[in-house]
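Structural description and commentary
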Amino acid sequence: MKLKNKTALITGGTSGIGLATARLFVAEGAQLAITERDQTRLDAIARYDNETASHCHVKAQCYEVQPCD
């Protein structure tokens, strides 16, 4: 396991390249923190991956960014 005892932060980790990277890192032994702006997508990936994950804590905080005047 190349990434044993390593921790990775993956942004946008619920789809596409981010999701593929997350699954590869887990397969290589890493612990992950995955971020996503959409709570529904985070919840879905947590349910799917929780079958093989030992711990899964999901929390999202979304903010609407306003332009500065």
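What this report covers is the structure whose coordinates are included nearby. For clarity, every value in this text was computed on a predicted model and none was experimentally measured.

Here we take up the overall build of the protein chain. Along its length, the protein chain carries two helices and two strands. Tracing the protein chain from N to C terminus, the helices and strands come up as β-α-β-α. Each of the 69 residues in the protein chain was classed as buried or not, and the buried ones make up 20%. Sequence-distant contacts in the protein chain: of pairs separated by 6 or more residues, those separated by 24 or more amount to 45%.

Looking now at the pairing of strand E1 (residues 7-11). Because side chains alternate across E1, one face comprises the buried residues Ala8 and Ile10, and the other comprises Thr7, Leu9 and Thr11, none of which is buried. In the sheet, E1 pairs with strand E2 (residues 31-35) via five bridges, with the strands oriented parallel. Each bridged residue has a counterpart across the sheet, and for alanine 8 the counterpart in E2 is leucine 32. In this fold, the crossover linking E1 to E2 by way of helix H1 (residues 16-27) has right-handed handedness.

Parameters at a glance
Residues numbered from 1 in each chain as written. Predicted model: local features only at pLDDT ≥ 70, side-chain atom pairs only at ≥ 80, totals over all residues. Heavy atoms only, no water. Helix = DSSP H or I, 4+ residues; strand = E, 2+ residues; numbered from the N terminus. Buried < 20%, exposed > 50% of the residue type's maximum accessible area, 1.4 Å probe, protein only. Contact = heavy atoms within 4.5 Å. Pairing = 2+ DSSP bridges. Right-handed = clockwise from strand over helix to strand, strands pointing away.

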